[in-house]
Protein chains: 4
Amino acid sequence: MLEQLRRDVLEANLEIVRRGLVLYTFGNASGIDRASGLVAIKPSGVPYESMTPEDLVITDLDGNIVEGKLRPSSDLATHLHLYKEFPTIGGVVHTHSEYATAWAQAGREIPAFGTTHADYFYGPVPVTDELTPEEINGDYVLNTGINITNRFKGLDPNAIPGVLVRGHAPFAWGKDAADAAYHATVLEAVARMAWFTVALNPTCTGVSQALLDRHYQRKHGAKATYGQGK
Amino acid sequence: MLEQLRRDVLEANLEIVRRGLVLYTFGNASGIDRASGLVAIKPSGVPYESMTPEDLVITDLDGNIVEGKLRPSSDLATHLHLYKEFPTIGGVVHTHSEYATAWAQAGREIPAFGTTHADYFYGPVPVTDELTPEEINGDYVLNTGINITNRFKGLDPNAIPGVLVRGHAPFAWGKDAADAAYHATVLEAVARMAWFTVALNPTCTGVSQALLDRHYQRKHGAKATYGQGK
Amino acid sequence: MLEQLRRDVLEANLEIVRRGLVLYTFGNASGIDRASGLVAIKPSGVPYESMTPEDLVITDLDGNIVEGKLRPSSDLATHLHLYKEFPTIGGVVHTHSEYATAWAQAGREIPAFGTTHADYFYGPVPVTDELTPEEINGDYVLNTGINITNRFKGLDPNAIPGVLVRGHAPFAWGKDAADAAYHATVLEAVARMAWFTVALNPTCTGVSQALLDRHYQRKHGAKATYGQGK
Amino acid sequence: MLEQLRRDVLEANLEIVRRGLVLYTFGNASGIDRASGLVAIKPSGVPYESMTPEDLVITDLDGNIVEGKLRPSSDLATHLHLYKEFPTIGGVVHTHSEYATAWAQAGREIPAFGTTHADYFYGPVPVTDELTPEEINGDYVLNTGINITNRFKGLDPNAIPGVLVRGHAPFAWGKDAADAAYHATVLEAVARMAWFTVALNPTCTGVSQALLDRHYQRKHGAKATYGQGK
């Protein structure tokens, strides 16, 4: 089973490169096997071209390395915190994709300007608060995760599968690593179109609640009408 | 005959992907056989790479499936309404191409800023009105089509072969599916150049009526001088 | 000799496609054999993929077709006028490359913001005046050429090998068709960087006269220090 | 040994092309062998496609050609000055990459807006002062180098491995030619994201000193936690 997880997580890591979200090694994907509580994550600073399933690092939810000779992604603690606090997710992706990162750097949430957004994110993509010097100088990577889950108090991570970490870059998640990579890709497209939109209309308020409801439920609700059904 | 229509519509669906107008499955093309009143349209949510002519869905103008095992594109009712109301068109394409979508999200029509625009669109590319909550909660996909044709009262769909659906994305059409895909591609290029233009000159008013007339008639009028003739 | 001219002009037409300056058939390149006064130009509306040297149309400077079965580019009269008025040039390229077109649509010249510009254009890239309705309704394509050469009164076409036709798009030229294609490519890069620059600094005045002199003469003056010499 | 240097420098010259930083021949990379004080640099105006290790020019730090039949890059004197004044660097890259060039043309330093920046540049990427007419008309290429090192008084070139030459374009450097090419690539990505950021938030002040410290030291300090260690 972990063989399949390794392959899926490797594939998600390669997918975010193919989709143009990653320069060099500035990104990482992980996946969790909820039954065993084990996580597969990209090793740190290893080129994508030569990565094999065996290079992935397997850890438990406390970050103990269970299998793997390489050091895990330096963002491991953020991934693990998200798995602990968002029990329904099965994959996490972090990239520095350029438009989403620009919104994160500008400290602005991405408003729901259109149906492309509404199909995947049920409301604005939120931006976290600034970390304090204490949080930065402390367990910084873990604190980045806590920062995200604090921002999601009152929000449903299944309805808004991504976030902008202020001054840093986006994280996205999903039911597995492939789904997280998919959401990271959509997030970048949505960020790009929103960036084009505010330039044309700085006071744009975005779609109505009715349209937001309609599009989100079209793909995700009990009465979903998109795709070929179950 | 429907075999040819299936192949043409498949090709138009692949063309909008090759032209970079489509992320994942965010787009669809259809074509109509006016003699029989039958429409071929992309199935919903099926990857382009593996799509065959047989995967296309054939419906009548009321949306009854005449042939095909898959569910048709969720935008079917919009396509059908356009075929009913615009009797001269033979193909419809819907994409979320990024610059055209930005204009749609910003709620701004695309002015005729230059001859590239004038060669294909005889005036601004219009943007529809906002749908009411009732229209959204009702037969939303059909109402999107009605919204478009309402906006075209007094406009000639042959002279302006595309529209921006406010808060959503563009639709384009043409004499067949290939022509609709061609107009969708030109619309995105025109949207992109117009976006670059307003950043340089926010009060740009665009080309003169004389230039608009000249360029449009150069390619489309009775005295067309472009190409190798009939 | 015309065989070589045909091949060179075909190559220039293909080069502007490879460089991303051309969508569909929105561009054309020509070259002149000054000894015979004959011009080779792209045929109108023919796809680049299947174009052969034999498809090119040979005309004299009055536009009489000397050789070729196809209709020449609809922009022929502009090319011919430039060859007549700029006796030192040997090639002309017209594209709707997107950033240069945006400056043309905005009606703004491209200031000499940096050394990339100064290496090729000895001063701003000028924009023509608006054509009058009479000029548009008259011999429009010829008048476009006259419009360009009027704008160059007092300017040296060898020192500024390109222009923006207001509300339309750029023309570029050079010692032969390849050189014209090269200048069209540089013009688009310069237009793009200038567009990025004004967004950062709307009141940017560009490089000093000393730097403009230095860079232009570095590549073009009698004391040129760039490249491997003659 | 110089054979290896030649190969490394050729590879760095090819890498900046592959990364999209170079149009035609608008860029050059060099490397130094500190033991012998010899520098390998790209020849001037030679196409990348056909360049071989033997085409590279070997000079001493005074610019005397030690080996090579071709004329060295016209920017040689700038490279040599950087090697003299920054004794810890082993490679220099100059490009006209488009977003970094836009910041240089606009005369604005690139603020440290996020962690992507902080991972590589420990503070803003500085922009040099304008050269005087005397400096331009004198030994211009050397003066460009002096202009850079003057700007770095009080700055550590190892902590900020790049600069914007005002009205011109970026230079980057590193421990060898490959590292310089890597920094040139990151600089362009950082320039692009910063450009997107100021459009969203013109008064953005960037990351806190604590975050800047944390990210820079994460990759470069004695307690670096990124990658697979030494």
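About the thresholds
- Note on numbering: residues in each chain are counted from 1, in written sequence order.
- Note on labels: chains are lettered from A, ligands numbered from 1, in written order.
- It should be noted that, the model being predicted, local features are given only for residues of pLDDT at least 70 and side-chain atom pairs only at 80 or more, the latter also being counted only at that level, while totals for whole chains, interfaces and linings use all residues.
- Side-chain descriptors were evaluated using all non-hydrogen atoms of the structure, hydrogens and water having been removed beforehand.
- Here a helix means four or more residues in a row that DSSP labels H or I, a strand means two or more in a row labelled E, and each is numbered from the N terminus.
- Just to be clear, the radius of gyration here is over C-alpha atoms, and the globule rule we use is 2.2 Å times residues to the power 0.38.
- Contacts are assigned to residue pairs with any non-hydrogen atoms lying within 4.5 Å of each other.
- Throughout, buried area stands for the accessible area (probe radius 1.4 Å) lost by two parts on being put together, summed over both.
- Definition used for salt bridges: Asp or Glu carboxyl oxygen within 4 Å of a side-chain nitrogen of Lys or Arg.
- Under this definition, polar contacts are N or O atom pairs within 3.5 Å; protein pairs additionally need one hydrogen-donor-capable and one acceptor-capable atom, and for neighbouring residues in sequence, both atoms have to be side-chain atoms.
- Gly is put with the polar residues, along with every residue not named as nonpolar or charged; the nonpolar set is Ala, Val, Leu, Ile, Met, Phe, Trp, Tyr, Cys and Pro, and the charged set is Asp, Glu, Lys and Arg.
- Only protein chains enter the area calculation, which uses a 1.4 Å probe; residues under 20% of their type maximum are buried, those over 50% are exposed, and those in between are partly exposed.
- Least squares is the method used to superpose the copies, on C-alpha atoms of residues holding a pLDDT of at least 70 in both.
- UniProt positions are given in the numbering used here, feature names are shortened, and annotations may be inferred rather than shown by experiment.
- For two strands to be treated as a pair, DSSP must find no fewer than two bridges joining them.
- Axes, fitted as lines to C-alpha atoms, cover a helix only where it is in contact. Angles between the N-to-C directions of the axes lie from 0 to 180 degrees.
- Each patch groups residues whose relative accessible area exceeds 30% and which form no salt bridge, using 9 Å between like charges and 5 Å between nonpolar side chains of Val, Leu, Ile, Met, Phe, Trp and Tyr.
- Using the Shrake-Rupley algorithm and a 1.4 Å probe, accessible areas are obtained, with residue cover drawn only from the displayed protein chains.
- Positive charges are assigned to Lys and Arg, negative charges to Asp and Glu, while His and the chain termini are left out of the count.
- Where a charge lies is defined by one atom per residue type: Lys uses NZ, Arg uses CZ, Asp uses CG and Glu uses CD.
- Centres within 6.5 Å are what make two rings of Phe, Tyr or Trp a pair, Trp counting through its six-membered ring; a difference in plane orientation under 30 degrees is then read as stacked, over 60 as edge-to-face, and the rest as tilted.
- Each crossing gets its handedness from the near helix: less than a right angle anticlockwise from the far helix is left-handed, clockwise is right-handed.

A. Geometry of the overall build of chain A. In terms of helices and strands, chain A carries eight helices and seven strands. Taking 2.2 N^0.38 as the reference for a compact globule, 230 residues should give roughly 17 Å; the C-alpha atoms of chain A span a radius of gyration of 17 Å, in line with that estimate. C-alpha atoms of chain A, sized along the principal axes, occupy 50 × 50 × 35 Å. When contacts within chain A are restricted to residue pairs at least 6 apart in sequence, those whose partners lie at least 24 apart make up 64%.

B. Spatial organisation of the interface of chain D and chain A. Taken together, the 36 residues of chain D in the interface contact 31 residues of chain A. For the pairing of chain D and chain A, the buried interface totals around 2,900 Å² over both sides, and the portion due to carbon and sulfur atoms is 55%. Connecting chain D to chain A are one salt bridge. Where chain D packs against chain A, one counts 11 residue pairs in polar contact (both at pLDDT 80 or more). Of all the secondary structure elements, the ones that give two or more residues to the side of chain D that touches chain A are α4 (115–118), α7 (177–200) and α8 (209–220) of chain D. Here the side of chain D that touches chain A gets 13 residues from one element, more than from any other, and that element is α7(D). When the residues that make up the side of chain D that touches chain A are grouped by side-chain class, the tally is 18 nonpolar, 12 polar and six charged.

C. Structural context of helix α3 (residues 98–106) of chain B. Residue and element names in this part refer to chain B. Along α3, nine of the nine residues are buried, which leaves the element largely enclosed by surrounding structure. Looking at α3, one finds that the buried residues are Glu 98, Tyr 99, Ala 100, Thr 101, Ala 102, Trp 103, Ala 104, Gln 105 and Ala 106. Positive phi appears at Gly 107, one or two residues downstream of α3, with a value of about 70 degrees.

D. Spotlight on the relation of the copies chain D and chain A. The two copies are related by a screw motion: chain D maps onto chain A through a turn of 90 degrees and a shift of 0.0 Å along the axis, at an RMSD of 0.0 Å. With respect to symmetry, the two chain copies, as superposed, fit the operation of a four-fold axis. Among all C-alpha atoms of chain D, that of D:Ala199 lies closest to the rotation axis, at 5.6 Å. Of all interface residues in chain D, a mere 3% are interface residues in chain A too; the two copies therefore contact each other through different surfaces.

E. Quick peek at the UniProt feature "domain: Class II aldolase/adducin N-terminal" (unreviewed entry) in chain A. Mapped onto the present numbering, the UniProt feature "domain: Class II aldolase/adducin N-terminal" (unreviewed entry) falls at residues 7–195 of chain A. Span residues 7–195 of chain A is 38% helix and 16% strand, its end C-alpha atoms 35 Å apart.

F. How the structure looks around the pattern of salt bridges. By the definition in use, this model includes 28 salt bridges over all chains. One salt bridge connects B:Arg6 with B:Glu3, and the closest N-O pair in it is separated by 3.7 Å. Taken together, the residues span about one helical turn, with B:Arg6 and B:Glu3 both in helix α1 (residues 2–18) at a distance of three residues. Relative accessible area serves as the criterion here: at 5%, B:Arg6 is assigned to the buried category. Among the charged side chains, a salt-bridge network with shared partners connects A:Glu11, A:Glu15, A:Arg18 and A:Arg19.

G. Inspection of the interface of chain B and chain A at higher detail. Contact with chain B, which involves 31 residues of that partner, is made by 36 residues of chain A. The contact between chain B and chain A buries some 2,900 Å² in all, and 55% of this surface belongs to carbon and sulfur atoms. Here chain B and chain A share one salt bridge between them. For A:Arg192, the salt bridge goes to B:Glu98, with nearest N and O atoms at 2.5 Å. The interface formed by chain B and chain A includes 12 residue pairs in polar contact (both at pLDDT 80 or more). Secondary structure elements with two or more residues in the side of chain B that touches chain A: α3, α5 (133–137) and α7 (177–200) of chain B. Counting residues per element, the side of chain B that touches chain A draws most heavily on α3(B), which supplies seven residues. Among the residues making up the side of chain B that touches chain A, the classes are represented as 15 nonpolar, 11 polar and five charged.

H. Main features of the sheet that holds strand β1 (residues 27–33) of chain D. Residues and elements named next belong to chain D. Read across the open sheet, the seven strands follow the order β4-β3-β2-β1-β5-β7-β6; overall the sheet is antiparallel. Pairing within the sheet leaves two strands with one partner each, and these edge strands are β4 (65–67) and β6 (162–164). Each strand of the sheet is rotated relative to its neighbour by a mean of 25 degrees, with strand direction disregarded. Inspection of the sheet shows β1 paired to strand β5 (residues 91–95) by five bridges, in the antiparallel sense. Its bridge partner lying in β5, Asn 28 is registered against His 94.

I. The arrangement of the arrangement of the chains in detail. Taking C-alpha atoms only, the smallest gap left between chain A and chain C, which are not in contact, amounts to 11 Å. Taking C-alpha atoms as the reference, chain B and chain D come no closer than 11 Å and do not contact one another.

J. Structural context of the relation of the copies chain B and chain A. Laying chain B over chain A is done by rotating through 90 degrees and shifting 0.0 Å along the axis; what remains is an RMSD of 0.0 Å. Comparing interface residues between copies, only 3% of those in chain B also lie at the interface in chain A; the contact surfaces differ.

K. Up close: the pairing of strand β1 (residues 27–33) of chain B. All names here are of chain B. Of all seven residues in β1, seven are buried, a share of seventy percent or more. Of the two faces of β1, the one lined by Gly 27, Ala 29, Gly 31 and Asp 33 and the one lined by Asn 28, Ser 30 and Ile 32 are each fully buried. With four bridges connecting them, β1 and strand β2 (residues 38–41) associate as antiparallel partners. Note that in β2 the partner of Gly 31 across the bridge is Ala 40.

L. The arrangement of a negative patch on the surface in detail. A contiguous patch of negative charge, built from B:Asp129, B:Glu130, B:Glu134 and B:Glu135, is present on the exposed surface. Mapped onto the elements of the fold, B:Glu130 is located in the loop between α4 (115–118) and α5.

M. Inspection of the packing of aromatic side chains at higher detail. What the rule picks out here adds up to 56 aromatic pairs over all chains. When the centroid spacing of 5.5 Å and the interplanar angle of 70 degrees are considered together, the rings of B:Tyr99 and B:Trp195 count as edge-to-face. In this pair, B:Tyr99 sits in helix α3 while B:Trp195 sits in helix α7, placing the two residues 96 residues apart along the sequence. A residue is classified by how much of its surface remains accessible, and B:Trp195, at 5% relative accessible area, is buried. Taken together, the ring pairs connect A:Tyr99, A:Trp195, A:Phe196, B:Tyr99, B:Trp195, B:Phe196, C:Tyr99, C:Trp195, C:Phe196, D:Tyr99, D:Trp195 and D:Phe196 into an aromatic cluster.

N. Structural detail: the packing of helix α3 (residues 98–106) of chain C against helix α7 (residues 177–200) of chain C. Residues and elements named next belong to chain C. The interhelical angle for the contact between α3 and α7, taken along N-to-C directions, is 60 degrees, at an axis separation of 7 Å. Taken as a pair, α3 and α7 cross one another with a handedness that is left-handed. Along the contact surface, α3 presents Glu 98, Tyr 99, Ala 100 and Trp 103, while α7 presents Leu 187, Glu 188, Ala 191, Arg 192, Ala 194, Trp 195, Phe 196 and Val 198. Split by residue class, the contact of α3 with α7 holds nine nonpolar, no polar and three charged.

O. Representation of the sheet that holds strand β4 (residues 65–67) of chain B in the model. All names here are of chain B. The seven strands lie next to each other as β4-β3-β2-β1-β5-β7-β6, forming an open sheet whose pairing is antiparallel. Strands with a single pairing partner mark the edges of an open sheet, and in this sheet they are β4 and β6 (162–164). Taking the axes of each pair of neighbouring strands and ignoring which way they run, one obtains an average angle of 25 degrees across the sheet. Packing against the sheet, helix α2 (residues 76–85) makes contact with β1, β2, β3 (57–59), β5 (91–95) and β7 (170–174), and its axis sits at approximately 40 degrees to β1.

P. Seen up close, unusual backbone geometry. Even without glycine at this site, C:Tyr24 takes up a positive phi of about 50 degrees. Among the secondary structure elements, C:Tyr24 is positioned in the loop between α1 (2–18) and β1 (27–33).

Q. Broad picture of the side chain of A:His183. Residues and elements named next belong to chain A. Within the secondary structure layout, His 183 lies in helix α7 (residues 177–200). For His 183, a relative accessible area of 8% puts it in the buried group. A polar side-chain atom of His 183 sits 2.8 Å from the main-chain carbonyl oxygen of Trp 173. His 183 has contacts with Tyr 120, Phe 121, Pro 161, Ala 172, Trp 173 and Gly 174, leaving out every residue within four places of it along the chain.

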